[in-house]
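# Residue-level structural notes
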Amino acid sequence: MKRKFLSVLLAGALAVSMLAGCGGGNDAAETTTETTDTAETDAAETDTADADAAETDASAGGLIGVSMPTQDLQRWNQDGSNMKAELEAAGYTVELQYASNDIATQVSQIETMITNGCELLVIASIDGDSLGTVLAQAKEQGIPVIAYDRLIMNSDAVSYYATFDNYLVGQTQGQYIVDALDLDNAEGPFNMEIVTGDPGDNNVNYFYGGAMDVLQPYIDAGKLVVPSGQIAKEEVATANWATETAQSRFENILSSYYADGTQLDVVLASNDSTALGVANALASNYTGEYPILTGQDCDIANVKNIVDGKQSMSVFKDTRTLASQVVKMVEAVMQGGEAEVNDTETYDNGTGVIPSYLCEPVIVDSSNYQELLIDSGYYTEADLQ
């Protein structure tokens, strides 16, 4: 699989330069004239021209529809607000909607965006297979669609896909476990349990697949053991990525397989909402040595847990980076061109491979959260109090 990545710093630099480019300059402000009367006249004309140009630029930007799945998870609030801010800074009008994790609501909202005259749609789907009919309407009206972070399946209306390298996210979590347990040298065995996300989210295939591609050889060799026997993707899924659902399932695992004092060494949790459920279950149902616990998204509650030693790591996907890249893609498409991509082989949605741009995730743990999350301005110190 061919992959080409940009670093978070480079993506940030591109975002800054792009926003600077959208801001423009006032050449007339630098113009000098020979008399006061002429200067005042020129200034007045320049102000009027600049105002007209700004109004023209804003209206020329067009209406962009942004559909996000839910406000229940912190990361989607950040994705939505970052996307809206970046698009508006680039001169577009934005219709941003959240669908409360309800498929029918998301379909209805997208239908309304089409009716309202949105010229391009950016969609983070609730269920990748649920949007075929409404996106057929978009295609019929010539409206391009960018799938955002979650690949929309079985629809030929999808023009592009923008995400982080989700297979790499899983690999990163798996490799973290390998390194933390020193599986290449340690004798083992080590006890592990697995928690992944919603089965309707295509990203689960990549998170779970990437992690298991790293960890399966150690399971086969007997160095990693899963006492519950729950290994298959369907067995370890968590509907809607819900913290409460993950907590309930893990409480059952702990009472059934670890109540006798069996040591739990590691939990592979695909994201932070499920990791939070695991941590909650451990707090009230487990007395052994605290296990390694993975996550993803760097949600505030989970970063606090990392600082407190209740979660080992989280994979950081800087939504500012992704939002900036999507704005670049929107601008390219809206200007009649082709969006920049760096993967044309991996993401087949059932109608063909969707040209994709993959941003690169990074590990956050107790050693670097200050630099990556606080110093970068993603969070403030007060957020983590």
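Above this text is the structure in question.
Read on for a plain summary of the structure. Keep in mind it's a predicted model, so treat the numbers as computed, not measured.

Moving on to the sheet that holds strand E8 (residues 266-269). With respect to topology, 4 strands assemble into an open sheet ordered E7-E6-E8-E9, the strand pairing being parallel. Bordering the open sheet on either side are strand E7 (224-225) and strand E9 (292-293), each of which pairs with just one other strand. Alignment of E8 against E9, held across 2 bridges, turns out to be parallel. Residue pairing across strands places Val267 opposite Leu293, the latter belonging to E9. Contacts between helix H6 (residues 166-181) and the sheet are confined to strand E6 (190-195), E7, E8 and E9, with E8 contributing the most and set at about 170 degrees to the helix. Helix H7 (residues 203-220) contacts E6, E7 and E8 of the sheet and is inclined by roughly 160 degrees relative to E6.

Turning our eyes to something else, we now look at the packing of helix H3 (residues 74-89) against helix H11 (residues 319-334). Two numbers describe how H3 lies on H11: the axes approach to 9 Å, and their chain directions differ by 40 degrees. Between H3 and H11, the angle is such that the two are oblique. Judged by the twist between their axes, the crossing of H3 over H11 is right-handed. The segment H3 lies against H11, with Arg75, Gln78, Asp79, Asn82, Met83, Glu86 and Leu87 engaging Thr319, Arg320, Leu322, Ala323, Ser324, Val326, Val327 and Val330. Counted by class, the contact of H3 with H11 contains 7 nonpolar, 4 polar and 4 charged residues.

Moving on to the side chain of Ser228. Here Ser228 shows up in the loop between E7 and helix H8 (243-257). Within polar-contact distance, the side chain of Ser228 engages the side chain of Glu193 at 2.5 Å. Excluding anything up to four places from it in sequence, Ser228 contacts Glu193, Ile253 and Tyr257.

What follows concerns the packing of aromatic side chains. With the rule as written, the count across this model stands at 5 aromatic pairs. A ring pair is formed by Phe316 and Tyr378, whose centres lie 4.9 Å apart and whose planes are at 80 degrees; its orientation type is edge-to-face. In this pair, Phe316 sits in strand E10 (residues 314-316) while Tyr378 sits in the segment after helix H12 (369-375), placing the two residues 62 residues apart along the sequence. Note on Tyr378: relative accessible area 10%, which makes it buried. Lying across the ring of Trp76, Arg75 places its NZ or CZ 3.9 Å from the centre.

We now examine the pairing of E8. Of the two faces of E8, both are covered, the one formed by Val266 and Leu268 as well as the one formed by Val267 and Ala269. Bridge count for E6 against E8 is 4 bridges, and the pairing is parallel. Paired with Val195 across the bridge in E8 is Ala269. Handedness of the crossover joining E8 and E9 through helix H9 (residues 272-285) is recorded here as right-handed.

Right, let's talk about the nonpolar core for a bit. Core analysis: the biggest nonpolar cluster contains 57 residues, and Leu87, Val122, Tyr148, Leu224 and Val330 have the highest contact counts within it. Not counting residues up to four positions away in its chain, the partners in contact with Leu224 are Leu181, Leu183, Phe190, Met192, Leu215, Tyr218, Ile219 and Val266. If you look at the next biggest cluster of nonpolar residues, it comprises 26 residues, including Val134, Ile152, Tyr167 and Tyr206.

Turning to the sheet that holds strand E3 (residues 120-123), a few remarks are in order. Strand order across the open sheet formed by 6 strands is E2-E1-E3-E4-E5-E11, with parallel pairing between neighbours. Single-partner strands in this sheet number two, and they are strand E2 (93-98) and strand E11 (356-359). Across the sheet, the axes of successive neighbouring strands diverge by a mean angle of 15 degrees, strand direction being ignored. Pairing of strand E1 (residues 63-68) with E3, which is carried by 4 bridges, proceeds in the parallel orientation. Looking at E3, one finds that Val66 is bridged to Val122.

Turning to the packing of H8 against H9, a few remarks are in order. Remark: H8 packs on H9, axes separated minimally by 7 Å, with the N-to-C direction vectors making an angle of 40 degrees. Of the possible angle classes, the one that applies to H8 and H9 is oblique. Remark: the crossing between H8 and H9 carries right-handed chirality. Taken together, the residues of H9 that come into contact with H8 (itself represented by Thr243, Ala246, Gln247, Phe250, Glu251 and Leu254) are Ser273, Thr274, Leu276, Gly277, Val278, Asn280, Ala281, Leu282, Ser284 and Asn285. Class assignment for the residues of the contact of H8 with H9 results in 7 nonpolar, 8 polar and 1 charged.

The rules behind these values
Position numbers for residues start from 1 in each chain and track the written sequence from start to end. Per-residue local features are limited, in this predicted model, to residues with pLDDT of at least 70; the limit for side-chain atom pairs, both in listing and counting, is 80 or more; totals at the level of whole chains, interfaces and linings are taken over all residues. For the side-chain quantities, the full set of heavy atoms in the structure was used; hydrogens and water were omitted. Only when DSSP finds a minimum of two bridges between them are two strands counted as paired. The secondary structure listing takes helices from DSSP runs of H or I that are at least 4 residues long and strands from runs of E that are at least 2 residues long, numbered from the N terminus. Two residues qualify as a contact provided that any one of their heavy atoms is within 4.5 Å of a heavy atom in the partner residue. Throughout, an axis means a line fitted to C-alpha atoms (over the contacting stretch in the case of helices), and angles, computed between N-to-C directions, take values from 0 to 180 degrees. Any angle that is under 35 degrees is reported as roughly parallel, and any over 145 degrees as roughly antiparallel; angles of 65 to 115 degrees are reported as roughly perpendicular and all others as oblique. Crossing handedness is defined as follows: a turn of the near helix away from the far one that is anticlockwise and smaller than a right angle gives a left-handed crossing, while the clockwise case is right-handed. Residues are sorted three ways: Asp, Glu, Lys and Arg are charged, Ala, Val, Leu, Ile, Met, Phe, Trp, Tyr, Cys and Pro are nonpolar, and all the rest, Gly among them, are polar. What qualifies as a polar contact is a pair of N or O atoms within 3.5 Å, subject to a donor-acceptor requirement within protein and to the restriction that residues adjacent in sequence count only when both atoms come from side chains. In summary, the pairing rule links any two rings of Phe, Tyr or Trp, Trp by its six-membered ring, whose centres are within 6.5 Å, and it sorts them by plane angle into stacked for under 30 degrees, edge-to-face for over 60 and tilted for everything else. For the exposure calls, accessible area comes from a 1.4 Å probe over protein chains only, and a residue counts as buried if that area is under 20% of its type's maximum, exposed if over 50%, partly exposed in between. Whether a charge lies above a ring is judged from NZ of Lys or CZ of Arg, which has to be within 6 Å of the ring centre and within 35 degrees of the ring normal. Every crossover in which the path from the first strand over the helix to the second runs clockwise, viewed with the strands pointing away from the viewer, is termed right-handed. Residues belong to one nonpolar core when they are buried, are Ala, Val, Leu, Ile, Met, Phe, Trp, Tyr or Cys, and are joined through side-chain atoms within 4.5 Å.

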